[in-house]
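# Structural overview for review
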Amino acid sequence: MSDSGDVGRLVIPGDSLGEIGERRAGHGVLRRNGELIATRLGHLSEKGGELSVHPVHTAYTPRPGDLIVGYVEGMRSNIWFIDIGGPFNAILPMSLAAGKVDFGATREYMDVGSTVLCRVQEVDENHGAVVTMKGMGLRKLNSGFVDTVPSHLLSRVVGVDGQMLKSIKEASDCRMVVGQNGRIWIEGDASGTRLARSALSVIREAGHRPDIESRVRGVLEE
Amino acid sequence: MLNEDGTRMDGRRPDELRKIEIEAGVVPVADGSARVQWGTNLAIAAVYGPMEAHPRKISRQDRCVLDVRYNMAPFSVTDRIRPGFNRRSREIGKVTANALESVVQLELYPRSKIRVEIEIMCAEAGTRCVGLTAASVALADAGIPMTDMVVSVASGRVNGVVVLDLNKEEDNYGDADLPMGILPNSGELVFLQMDGDLSPEDFQEAWDYNMGAAKEIHEIMVAALAARYGGDA
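Analysis parameters
- For every chain, the first residue of its written sequence is number 1, and the numbers climb from 1 along that sequence.
- In the order they appear in the text, chains get letters beginning with A and ligands get numbers beginning with 1.
- Reporting in this predicted model follows two pLDDT cut-offs: at least 70 for local features of residues, and 80 or more for side-chain atom pairs to be given and counted; totals over whole chains, interfaces and linings ignore these cut-offs and use all residues.
- Per the convention used, a helix needs a DSSP run of H or I reaching at least four residues, while a strand needs a run of E reaching at least two, with both numbered from the N terminus.
- Note that the radius of gyration is over C-alpha atoms, with the globule rule given as 2.2 Å times the number of residues to the power 0.38.
- Exposed residues have 12 or fewer other C-beta atoms within 10 Å of their own C-beta, buried residues have 20 or more, and residues in between are partly exposed; the C-beta atoms are placed from the backbone.
- A residue pair is marked as a contact if its C-beta atoms, positioned from the backbone, fall within 7 Å.
- Three classes are used: nonpolar for Ala, Val, Leu, Ile, Met, Phe, Trp, Tyr, Cys and Pro, charged for Asp, Glu, Lys and Arg, and polar for all others, with Gly counted as polar.
- Two strands make a pair as long as DSSP finds a minimum of two bridges between them.
- All axes are obtained by fitting lines to C-alpha atoms, using only the stretch in contact for helices, and the reported angles, taken between N-to-C directions, cover 0 to 180 degrees.
- A helix is expected to reach a length of 1.5 Å times the quantity of its residues less one.
- Domain limits in this description derive from either an automatic procedure or a database domain assignment.
- Among buried residues, those of type Ala, Val, Leu, Ile, Met, Phe, Trp, Tyr and Cys that are joined through C-beta atoms within 7 Å form a set called a nonpolar core.
- Each angle receives one of four descriptions, namely roughly parallel if under 35 degrees, roughly antiparallel if over 145, roughly perpendicular if within 65 to 115, and oblique otherwise.
- Left-handed describes a crossing whose near helix is turned anticlockwise from the far helix by less than a right angle; the clockwise case is right-handed.

### Some remarks on the overall build of chain B
Of the regular secondary structure elements, chain B holds 4 helices and 9 strands. Shown N-terminal to C-terminal, the secondary structure of chain B runs as helices and strands in the order β-β-β-β-α-β-α-β-β-α-β-β-α. For a compact globule of 233 residues, the expected C-alpha radius of gyration is about 17 Å, and chain B comes in at 18 Å, within 12% of that figure. Seen through its principal axes, chain B has C-alpha atoms that stretch 55 × 45 × 35 Å. Every one of the 233 residues in chain B was classed for burial, and the buried ones make up 51%. Expressed as a percentage of contacts within chain B between residues at least 6 apart in sequence, the contacts between residues at least 24 apart total 69%.

Listed below in structure tokens is the structure:
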């Protein structure tokens, strides 16, 4: 149906991407009967001879080292269950909390609904994850606002070399932390937060379009 | 039920499909969704997940489970259907799940569940095909990894003539019905049922009709997804 020549083209699961040849199958691509087949709906990309599909929609899959914004969903005497926006809740053991927590006192420290900035420590083969609050800047978030952008559009929020994020921060005069799970923490005054959120909403609505950068800049300049 | 010039009651040729219209992304809160208008049939499919499998006993350590629910709205047919599960909806949910399991890369999401909800809003014959086609577009829209799309279409025999895509009268009073689920790129079969009897020759003819129609429907599915994401696939 197509050669790898048309990088950036929208592909549908099952689309043939041509003979394998010298190319390797990357993310969202499968080898079948000497051919490469797309397995996801997305845009085709090629890097170093590896053909992959950049999906237009995907669930967040935690990877070790990801900085994420999570919500406390439940707890036992020594662990919290954290909603990280993926298929499964992660666990946060008492020993990996930011400060000292006594056994049985998890609820006093962080109750259901608390928002935490944490890092993924490990992920097992079943996608079960352990998160940690030990590390620079990792903490319970007591102020500010959390907005969400689908995780596959995060690269649009950050932009090339972080330029997009930088200009959103400057224009809105807000502190922002971008979680890899698509949750973005914003802290600033009301008008700044509103501006940052409207920029994020543009990315949410039109993030897959090539002119997204100019659209966001348009909102920021307004 | 056939006219003298060989056309059918609704004016179609024996190898002609009803008008099909597909739109992706119609349920904003779902991860993926699709609306399929197929003749008078109207189906909406929504996909949620992958998510944690509940109840726990249905989860599998090595793969994801597909939880497919097919439901006809009480107002979808002239004689009201009692809301809730019935024998027929369970059966169709199960065969739809089996068909989709052959293409969805379940091993990528162990212990998870993908919820597929198919709601038939208006039924005219061939709703299992419409539902399966809608579910396949909704799964692609949700970004679920699949090795191919599934296209479903039925052929049958009416007054001794094999015809494609039966309408209500042909389905109710015809001789036989052969719904199939086809992978349009590889030509493989993932779902086949037969209601009534077909001779080997008629079976072959119905098969060929379905295979040909699958390509046609696949193009409409691709166009629907391309329209949603602004591509030209």
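### Quick notes on the interface of chain A and chain B
With 24 residues of chain A in contact, the opposing surface of chain B contributes 32 residues. Among the residues making up the side of chain A that touches chain B, the classes are represented as 12 nonpolar, 9 polar and 3 charged.

### Quick look at unusual backbone geometry
Residues and elements named next belong to chain B. Cis geometry marks the peptide bond from Gly49 to Pro50; its omega dihedral reads 5°. Relative to the elements of secondary structure, Pro50 occurs in strand E3 (residues 41-52). Looking along the chain, the bond that leaves His54 and enters Pro55 is cis, with omega of -5°. Looking at the secondary structure, you find Pro55 in the loop between E3 and strand E4 (65-72). Of note in the backbone geometry, Arg111 takes a positive phi value of approximately 65° without being a glycine. Under the C-beta neighbour-count criterion, Arg111 is labelled buried, with 20 such atoms within 10 Å.

### Description of the sheet that holds strand E4 (residues 29-32) of chain A
All names here are of chain A. In spatial order, the strands read E2-E5-E4; together these 3 strands make up an open sheet with antiparallel pairing. In this open sheet, the two strands that pair with only one neighbour each are strand E2 (16-19) and E4. The mean angle between the axes of side-by-side strands here comes to 25°, regardless of whether they run parallel or antiparallel. For E2 and strand E5 (residues 35-38), the ladder comprises 2 bridges, and the chain directions are antiparallel. Within E5, the position partnered with Glu19 by the bridge is Glu35.

### Structural notes on helix H1 (residues 87-101) of chain B
When the terminal C-alpha atoms of H1 of chain B are compared, their 21 Å separation across 15 residues agrees well with the 21 Å that a helix rising 1.5 Å per residue should span. Residues of H1 of chain B that are buried include every one of Ile92, Gly93, Val95, Thr96, Ala97, Ala99 and Leu100 of chain B, and no others.

### Focus on the domain arrangement of chain A
For an interface, size is often stated in terms of accessible area lost upon the parts coming together. Residues and elements named next belong to chain A. For chain A, the assigned domains are domain 1 (10-55), domain 2 (67-141) and domain 3 (145-221). The C-alpha-based centres of domain 2 and domain 3 are spaced at 25 Å. Contacts between the two partners involve 9 residues from domain 2, matched on the other side by 8 residues from domain 3. For the side of domain 2 that touches domain 3, the element with the most residues is strand E8 (residues 67-75), which contributes 3 residues. Each residue belonging to the side of domain 2 that touches domain 3 can be placed in one class, and the counts come to 6 nonpolar, 3 polar and no charged.

### Some points on the nonpolar core
By size, the foremost hydrophobic cluster in this structure holds 85 residues, and its most contacted members are Ala45, Leu100, Ala134 and Leu139 of chain B. If we ignore the near neighbours within four places in the chain, the residues touching Leu139 of chain B are Gly32, Val47, Leu100, Val104, Val116, Ile144 and Met146 of chain B. Listed in part, the 20 residues of the second largest apolar core include Val69, Ile84, Met110 and Ala129 of chain A.

### Observations regarding the sheet that holds strand E14 (residues 145-148) of chain A
All names here are of chain A. Spatially, the 3 strands line up as an open sheet ordered E14-E16-E15, and their pairing is antiparallel. Looking along the sheet, the strands with just one partner apiece sit at the ends: E14 and strand E15 (175-178). For this sheet the average axis-to-axis angle between neighbouring strands, irrespective of direction, equals 25°. In terms of strand pairing, E15 meets strand E16 (residues 183-187) through 4 bridges, oriented antiparallel. Each residue of the ladder has a partner; that of Val178, found in E16, is Ile184. Its contacts with the sheet put helix H4 (residues 190-206) on E14, E15 and E16, and the angle it makes with E16 is roughly 160°.

### Things to note about the packing of H4 of chain A against helix H5 (residues 212-221) of chain A
For any two helices packed against each other, the geometry is given by the interaxial angle and the distance between the axes. All names here are of chain A. Close contact between H4 and H5 brings their axes to 9 Å; oriented N to C, the two are set at 155°. By the criterion of interaxial angle, the relationship of H4 to H5 is roughly antiparallel. The handedness of the crossing between H4 and H5 is right-handed. For the pair formed by H4 and H5, the contact residues are Ser198, Ala199, Val202, Ile203 and Ala206 on the first element and Ile212, Arg215, Val216, Val219 and Leu220 on the second.

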